[in-house]
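# Architecture and fold: a report
For reference, the chains in residue letters:
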Amino acid sequence: MSDSSRSPLPPVRLHPEAELARDALSTPLLSRAARLARWAGPDTRIDAGGGLVDEQLPAAAEELGLSGDDAAAYAGEAWRVAVDTGLVEVVDEEAGTVATGADLALLTGGSPQDVLGVWLGALETVLADASVPDLDDLVDAMDAGGEVDLSSLDWDPEAEAEFLDGVLGNLYLLTVSEDGPGDGPVPLPALAASMIVPSDMGEPTNDVLEQVSDAMMRLDDQFRLLEPVGLVDYQPVDEALMADAEAAVEDPAAVDDTDVSRYGMVRLTPLGRYGLRSRLLEAGFEAPAVGDLADKGADALLDGTALYPQSAAQAETEQWLAARPEPLAAARELLAAARGADEGAPLRRLRCQQALSLVGAEAEPALREVLDDSELGGLARVWLTEAGFSDVPAPSQDLVFWLTVDTVAAQLAAEGNSDELRALVEGLAAQHSGFFAAAWRVEHPATADVLEAMGRLHPDKKIAKEARKAAFKARSQQGG
């Protein structure tokens, strides 16, 4: 996949590898490739490119139970996958002879990872095929000698591959994002527009709409190719709408869901999520999966989930806790990892508090042990009170202000200038009339940054000015 970004992607939820391996074995393309690998023998002949010679395609199609105009093409594709993935081995290139490949045994006797490795090889073959112009275009580009004139195709192989990678990357991002469709399908016009329409463009121009329409037609062909390998579930574009494909892009709100679906709907399968994540990792992207941190320490959990969406952070934490038989020991480990004066510490403490809520009442002794801790005492009091425990000592005024700064710093790190944070800032200023007069003295590394943010976020100009003044005092006190 293209290497355009290194920012972490949201974590993906993957099915167990054994289940994914079963899915891979049942995909039409891999199962056909395996059948042809078993069928191949000393009399099977290939051409210079490793494909079956034309005379053998009918027999291969018959072996696969295929009929109709496309039978030979489907058989040829399955054969290419068999050769590319090592299910078939070329014995003698000059003689054009083949034999069963060693990797065929992996599909029946290998581990789930072995099976998925073969499937990933099949996926690469299909993705390469999907970036090639269709047969009609190739025939049109042939010269009198039967050679394809690539320059007449207006085809840039690298650009085509990058475009498809970009589309699949966007589909992956939409699928794993907190506010994305999840397991639901994505309309093809929206996916095409995500690659063509600039994010800051208001009303798309006719030229842009035409580009989106062209992209939809390309993607329609490509997703038809990618469905048999199990990457996507795809509902193709209704051919009756081909001539009017721009309508759905121009005004999606003007058509109901049934109309939108006629322009094509695509979703990643569970196997597809696994496949695209593998490709992203191979390309050097940070593409976490829920469960990656289950066997790591609490410090890795709190740092790793720091910027996860809330539901993904909870799912990751649940798996981490499930791997620890002693809830009290887990609570103590979480609290120890939440300490610190570094920039990431406030958000670690927020994630720690959320994790402790999943531990339940068994965490109580661990929380009482840190009531006098300068960094964890406020968190402990909040947790014990919210959990309904009695005899929770009242916090000092200094601790209240320290915890307030820590909480706002954590929210800033997690969400930036969100509406929720704006509401929190307004509430704090309203509850404490002398808040800024006292807050600048708080001995917390993030005090100045928090006060600056409050000055930026508060809608009342007078209060915002107070916050900025307090931030200046805090920074002077910190010596910078």
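Reading the values: the criteria
Residues numbered from 1 in each chain as written. Predicted model: local features only at pLDDT ≥ 70, side-chain atom pairs only at ≥ 80, totals over all residues. Heavy atoms only, no water. Patch = residues over 30% accessible without salt bridge, like charges linked within 9 Å, V, L, I, M, F, W, Y side chains within 5 Å. Areas by Shrake-Rupley, 256 points an atom, 1.4 Å probe, with all protein chains shown as cover. Salt bridge = Lys/Arg side-chain N within 4 Å of Asp/Glu carboxyl O. Lys, Arg positive; Asp, Glu negative; His and termini not counted. Charge placed at Lys NZ, Arg CZ, Asp CG, Glu CD. Helix = DSSP H or I, 4+ residues; strand = E, 2+ residues; numbered from the N terminus. Buried < 20%, exposed > 50% of the residue type's maximum accessible area, 1.4 Å probe, protein only. Pairing = 2+ DSSP bridges. Phe/Tyr/Trp six-rings, centres within 6.5 Å; stacked < 30°, edge-to-face > 60°. Lys NZ or Arg CZ within 6 Å of the ring centre and 35° of its normal. Core = buried A, V, L, I, M, F, W, Y, C linked by side-chain atoms within 4.5 Å. Contact = heavy atoms within 4.5 Å. Expected span 1.5 Å × (residues − 1).

Below, the discussion takes up a positive patch on the surface. Together, Arg 441, Lys 465, Arg 468, Lys 469 and Lys 473 line one region of the surface with positive charge. By the element assignment, Arg 468 lies in helix α24 (residues 461-477). We classify Arg 468 as partly exposed; its relative accessible area is 46%.

Take the sheet that holds strand β5 (residues 265-268) next. Taken in spatial order, the three strands make up an open sheet running β3-β5-β4, and their pairing is antiparallel. Each edge of the open sheet carries a strand with a single partner, namely β3 (186-187) and β4 (232-235).

As enumerated under the stated definition, the model contains five aromatic pairs in all. Aromatic pair Phe 435 and Phe 436: ring centres 5.2 Å apart, planes at 85 degrees, arrangement edge-to-face. Its guanidinium or amino end placed over the ring of Tyr 74, Arg 32 lies 5.3 Å from that ring's centre, counting from NZ or CZ. In this arrangement the basic side chain of Arg 218 is found over the ring face of Phe 163, its NZ or CZ atom lying 4.1 Å from the centre.

A few words now on the nonpolar core. Counting residues in hydrophobic clusters, the biggest one holds 74 residues, and the most contacted among them are Leu 87, Trp 119, Tyr 172, Phe 223, Leu 226, Leu 231 and Val 232. Here this core gets nine residues from one element, more than from any other, and that element is helix α6 (residues 112-130). Those residues within four positions of Leu 87 in sequence are excluded, and the remaining contacts are Leu 30, Ala 33, Ala 34, Ala 37, Ala 82, Thr 100, Gly 101, Asp 103, Leu 104, Leu 107 and Val 118. Grouped together as the second largest cluster of nonpolar side chains are 29 residues, Leu 301, Trp 320, Leu 376 and Leu 384 included.

At 3.6 residues per turn, the α-helix brings residues three or four places apart onto the same side. Helix length check: helix α20 (residues 397-415), at 19 residues, gives a terminal C-alpha distance of 27 Å against a target of 27 Å (1.5 Å per residue), a fit within 8%. Residues of α20 that are buried include every one of Leu 399, Phe 401, Trp 402, Leu 403, Thr 404, Val 405, Asp 406, Val 408, Ala 409, Ala 410, Gln 411 and Leu 412, and no others. Tucked inside the fold, the buried residues of α20 contact α17 (345-359), α19 (377-386), α21 (419-431), α22 (435-439) and α23 (447-457). The positive-phi residue at the C-terminal boundary of α20 is Gly 416, with phi of around 70 degrees.

As a further point, take the pattern of salt bridges. What the rule picks out here adds up to 19 salt bridges. Arg 348 serves as the salt-bridge partner of Asp 342, at 2.8 Å between the closest nitrogen and oxygen. By relative accessible area, Arg 348 is classed as buried at 8%. Asp 406 serves as the salt-bridge partner of Arg 349, at 2.8 Å between the closest nitrogen and oxygen. Of this pair, Arg 349 sits in helix α17 while Asp 406 sits in helix α20, and the two are 57 residues apart along the sequence. When its relative accessible area of 3% is taken as the criterion, Arg 349 is described as buried. Here Asp 406 falls in the buried class, since its relative accessible area comes to 5%.

Another aspect to go through is unusual backbone geometry. Located in the positive-phi region is Asp 391, a residue other than glycine, with phi close to 55 degrees. When you line up the elements, Asp 391 lands in the loop between α19 and α20.

So, on to the environment of Pro 11. Position of Pro 11 relative to the elements: it lies in the segment before α1 (17-25). Non-local contacts of Pro 11, meaning those with residues more than four positions away in its chain, are made with Val 176, Pro 288, Ala 289, Val 290, Tyr 308, Pro 309 and Ala 312.

Right, let's talk about the pairing of strand β1 (residues 88-92) for a bit. Across a regular strand the side chains alternate sides, sitting on one face of the sheet and then on the other. Note: β1 against strand β2 (residues 97-100), four bridges, orientation antiparallel. Bridge pairing in β2 places Glu 89 opposite Ala 99. The hairpin turn running from β1 into β2, its antiparallel successor, is four residues long, and Gly 96 in that turn takes a positive phi close to 70 degrees.

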